[in-house]
Amino acid sequence: MRNFDYYNPVKILFGKGKIAEIAKWIPKGMKVMMTYGGGSIKKNGVYEQVMDALQGFDIVEFGGIEPNPKYETLMRAVELAKQENVGFLLAVGGGSVIDGTKFIAAVTCFEGNEPWDIVAKGARVNAALPLGAVLTLPATGSEMNSGGVITRQSTLEKLAFNSRHVFPKFSVLDPMVTYSLPMKQVANGVVDTFVHVMEQYYTFPEQAEIQDRFSESILKTLIELGPKLIHAEKPNYEDRANFMWAATMGLNGLIACGVSQDWSTHHIGHELTAFNGLDHGITLAIVLPGVMNATKIKRREKLLQYAARVWNIDTDQPDAADQAIARTEQFFNELGVKTRLSDYGVGIDTIDRIEKRFRERGDFALGGIDDVNVDNVRAILTSRL
């Protein structure tokens with residue numbers, strides 16, 4: 001196991017009725033800017049719960065944050081936060097709203113000339129407005145980490161940033177708020193969580209047994225829960241609770257301690273979203289099987305461990321690795337998520353653009369491991385047509 005530092009200051013308020021407690025964790029007298037997406041929180045009762053909990057606070061609202069939060073939209077929120085002298089941000093929504101709110105928090109206090117440099121050039125974030133979150137869509141783990149992904153519409157770029165200053169002060173996880181989610185969003189959330197874990201797990205054995213077993217338990221939980229969530233006649237609280245917690249634990253830094261990480265599936269998937277507008281979860285379901293096939297020789301030992309421990313495949317079989325990859329793609333399909341570029345009308349022209357972009361950036365290794373790089377990204381994507 002490698003050396004590591006682990007730090008996570010986020011307070012989690014988990015369970016039914018926990019939205020009512022948020023006022024305890026926001027400093028008195030703060031002007032609060034509540035951020036949200038397209039307005040679904042006003043239809044499912046979450047907005048009313050939050051406003052009831054915030055009685056006595058001066059509230060500024062900023063809605064309309066997109067599923068892939070746009071830089072242009074977020075900069076309008078930054079302007080509003082400065083004009084209103086906002087002291088605390090409250091993100092009410094899924095990972096995109098929380099990611100976008102983290103960016104607002106960072107940019108509002110940013111001293112540089114170009115805010116986009118935070119994601120494009122890794123410009124240092126030295127301070128940020130404090131923020132909290134009320135999670136409505138389990139998927140990204142943003143409610144308990146310090147990262148975010150932002151899209152710039154004018155340049156068709158989707159890039160990530162990270163800063164310890166944007167950890168939420170608290171996050172509310174009430175499984176009941178997920179009951180109104182469309183099944184497509186639930187399926188995408190399961191895929192997103194699954195691939196988050198794989199990016200931290202499917203690399204090389206590093207004798208990190210706690211991290212490996214924890215990762216495998218999340219994967220097996222998702223495999224068991226996914227079809228139940230999708231096919232249930234009505235939402236089941238315990239299933240939704242376990243799904244919500246799995247998504248949070250999948251990307252709060254714990255399973256990343258002391259191990260190699262990849263993230264090439266995400267880097268490639270971000271380009272599919274930037275150029276074609278595909279849902280994030282869909283891009284991951286498309287790309288991961290291609291990455292697994294491209295790396296199955298170099299990462300064979302870990303792939304066979306995954307086959308045995310997660311899928312119960314007999315690894316004495318010569319095709320055990322291929323079986324594990326096929327079972328992974330089959331799982332995504334069972335959730336109703338199609339896994340081929342052609343299913344979404346994406347062809348060679350997009351592959352050309354993605355390869356060109358990576359080469360222009362000078363990216364060699366697209367993730368944390370050099371077996372996925374600009375020299376084989378075309379082959380990976382072509383295999384997914």
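Residues numbered from 1 in each chain as written. Predicted model: local features only at pLDDT ≥ 70, side-chain atom pairs only at ≥ 80, totals over all residues. Heavy atoms only, no water.

This part covers the pattern of salt bridges. On inspection of all chains with the given rule, the structure shows 25 salt bridges. Here Arg 357 makes a salt bridge to Glu 271, at a shortest N to O gap of 3.0 Å. Of this pair, Arg 357 sits in helix 12 (residues 348-361) while Glu 271 sits in helix 8 (residues 264-276), placing them 86 residues apart in sequence. Classification of Glu 271 by relative accessible area gives buried; the value is 1%. (Salt bridge = Lys/Arg side-chain N within 4 Å of Asp/Glu carboxyl O. Helix = DSSP H or I, 4+ residues; strand = E, 2+ residues; numbered from the N terminus. Buried < 20%, exposed > 50% of the residue type's maximum accessible area, 1.4 Å probe, protein only.)

Right, let's talk about empty space enclosed by the protein for a bit. Applying the stated criterion to the full structure yields 1 cavity of 30 Å³ or more. Reported here for the largest cavity is a volume of approximately 30 Å³. Those elements giving two or more residues to the lining of the largest cavity turn out to be helix 5 (183-201) and helix 9 (280-295). Residue contributions to the lining of the largest cavity peak at 3 residues, all from helix 5. (1 Å grid on protein atoms, 1.4 Å probe; cavity = no way out; pocket = protein on both sides within 12 Å on 5 of 7 lines; lining within 4 Å. Points joined across faces, edges and corners; volume = space filled by probe spheres on them.)

Under the UniProt annotation, the feature "domain: Fe-containing alcohol dehydrogenase-like C-terminal" (unreviewed entry) is placed at residues 187-356. From the first C-alpha to the last, residues 187-356 spans 31 Å; its make-up is 68% helix and 0% strand. (UniProt positions renumbered as here; feature names shortened; annotations may be inferred.)

On to the packing of helix 5 against helix 11 (residues 320-334), then. It is the contact of helix 5 with helix 11, at a shortest axis distance of 10 Å, that shows an interaxial angle of 155°. What the angle tells us is that helix 5 and helix 11 run roughly antiparallel. Classified by chirality, the crossing of helix 11 by helix 5 is right-handed. Between helix 5 and helix 11, the contacting residues are Val 190, Val 191, Phe 194 and Val 195 on the first element and Thr 328, Phe 331 and Phe 332 on the second. Split into classes, the residues belonging to the contact of helix 5 with helix 11 amount to 6 nonpolar, 1 polar and no charged. (Axes fitted to C-alpha atoms, helices over the stretch in contact; angles between N-to-C directions. Parallel < 35°, antiparallel > 145°, perpendicular 65-115°, else oblique. Left-handed = near helix turned anticlockwise from the far one by under 90°. Contact = heavy atoms within 4.5 Å. Nonpolar A, V, L, I, M, F, W, Y, C, P; charged D, E, K, R; others polar.)

Strand order in the open sheet made by the 6 strands is 1-8-5-4-2-3, with parallel pairing throughout. The open sheet has two edge strands with one neighbour each: strand 1 (11-14) and strand 3 (58-62). The average angle at which neighbouring strand axes cross in this sheet is 20°, direction not considered. Relative to strand 8 (residues 170-173), strand 5 (residues 131-137) runs parallel, the two being bridged by 4 bridges. Each residue of the ladder has a partner; that of Val 134, found in strand 8, is Val 172. (Pairing = 2+ DSSP bridges.)

This next bit is on the pairing of strand 6 (residues 147-152). The element strand 6 is extensively covered by neighbouring structure, given that 6 of its 6 residues are classed as buried. Here strand 6 shows a buried face lined by Gly 147, Val 149 and Thr 151 and a second buried face lined by Gly 148, Ile 150 and Arg 152. In this structure, strand 6 lies alongside strand 7 (residues 157-162), joined through 6 bridges in antiparallel fashion. Residue pairing in the sheet places Gly 147 in a bridge with Asn 162 of strand 7. Connecting strand 6 to the next strand, strand 7, in antiparallel fashion are 4 residues, including Leu 156 with a positive phi near 55°.

What follows covers the packing of aromatic side chains. For the structure shown, the criterion picks out 12 aromatic pairs. Both rings, one in Phe 194 and one in Phe 331, keep their centres 5.4 Å apart while their planes meet at 45°; by these two values the pair is tilted. Highlighted residues: Phe 194 in helix 5 and Phe 331 in helix 11, separated in sequence by 137 residues. Judged by its relative accessible area of 0%, Phe 194 is buried. (Phe/Tyr/Trp six-rings, centres within 6.5 Å; stacked < 30°, edge-to-face > 60°.)

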